[in-house]
Amino acid sequence: MSVEQPEYRKAEGAQANAEGPGTQDRTTAEEEASGLWPSGIRIWAPPLESMPEDILFPIAWEEMMCRRVGEGEAPIMHIWRHPYALTIGMRDRRLPRAPQAMDKLRREGCSVAVRVSGGAAVPLDEGVVNVSVILPNPERKLELHGDFERMVSLIAGAASPWTSDSRAGEISGAFCPGDYDVSVNGRKFCGIAQRRQTKAYILTAFVIVDGSGEERRRLAREFYDEASGVLKPGDAYPEVREGTMGSLDELAGVPSAEAYISSLEEWMIDHAGAAVLEQAPELPMDELDLLSQQLKARYDKD
């Protein structure tokens, strides 16, 4: 899985989304969100074509960067996409036929991995934007609600040029359900989770921007139908129902994943003085390979 480090994508101009609907409401949202983020955040948004096939690569990259932030390196925001993958939770992995369901997807060209951040099954493709903010925590504070709320502020703030109707709260029947689902008109487009290390942590979200929310829901449901065996939805795995998922394209008219990524960057530049890096932080590829293998051995096991 050793690959050449891709260059950082340069930020689009500050006017990239300035003419989108809802811009007039942005000043109030910016005032409300000010002070939520530490200063000095760097942004890395590698191009889709640079993403390795193995979905464990960005997961391992974030784990290693979290260690470095815990050691004193500046916080970083990682914005990335993958052409075709499924990440699942550790409880999903323990379903009776999970190995067979995972193998079936892999034969179809889908990269499958167990997430270390918890949650449940999430299909990924080029229309799904993954957002992770890696922050220091030297005092080891635990502020779960505040952390989730500022992530909601970021996700909704980046959507604000197109809609002011983003809401937080669990959407029953959606895949990877949680108290801080982000939705428009009752349909979920984003889920949020976190992963903590000793002196740093990762706030992470998936955002469905392009394409069909129902198609992603169907893929998650097919995985559970195959993996669950004789078990029924409920405590063992989430019931994934029609009409619960949507994309920002369907719900708010966001024109593309690229447009939403530009808005994410602008939001963090405005609120945290963030800087978009032009080159990736140098990480030893042999250590990334080893860490990927360790994550697979630890979390993807019977």
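Heads up: the structure comes first, above all this text.
Residues numbered from 1 in each chain as written. Predicted model: local features only at pLDDT ≥ 70, side-chain atom pairs only at ≥ 80, totals over all residues. Heavy atoms only, no water.

A. Structural context of the sheet that holds strand E2 (residues 76-80). Spatial ordering of the open sheet is given by E7-E8-E9-E10-E6-E2-E1-E11, a layout of 8 strands whose pairing is mixed. With partners counted over all chains shown, the strands left at the sheet margins are strand E7 (167-168) and strand E11 (275-276), one partner each. In this sheet, E2 lies alongside strand E1 (residues 42-44) in parallel orientation, the contact comprising 3 bridges. Considered in E2, the bridge of Trp44 is made with His78. Helix H8 (residues 257-272) rests against E1, E2, strand E6 (128-136), strand E10 (200-208) and E11 of the sheet, and its axis sits at about 175° to E2. (Pairing = 2+ DSSP bridges. Helix = DSSP H or I, 4+ residues; strand = E, 2+ residues; numbered from the N terminus. Contact = heavy atoms within 4.5 Å. Axes fitted to C-alpha atoms, helices over the stretch in contact; angles between N-to-C directions.)

B. Focus on the nonpolar core. Phe175, Phe223, Tyr224, Leu288 and Leu295 are the most contacted members of the largest nonpolar core, which totals 55 residues. No other element matches helix H2 (residues 56-70), which puts 9 residues into this core. In this structure, Leu295 is in contact with Leu56, Ile59, Ala60, Glu63, Val116 and Asp300, ignoring residues within four places of it in sequence. Formed by 43 residues, the second largest nonpolar core is a distinct cluster that contains Leu135, Tyr201, Val209 and Ala252. (Core = buried A, V, L, I, M, F, W, Y, C linked by side-chain atoms within 4.5 Å. Buried < 20%, exposed > 50% of the residue type's maximum accessible area, 1.4 Å probe, protein only.)

C. Highlighting the sheet that holds strand E5 (residues 122-125). Read across the sheet, 3 strands follow the order E4-E3-E5 without closing on themselves; strand pairing throughout is mixed. Of all the strands in the sheet, the pair left with one neighbour each is strand E4 (111-114) and E5. Between one strand axis and the next, the sheet turns by 20° as a mean value, whatever way the strands run. Sheet analysis places strand E3 (residues 84-88) next to E5, joined by 4 bridges and oriented antiparallel. Within the sheet, the bridge partner assigned to Thr87 lies in E5 and is Val122.

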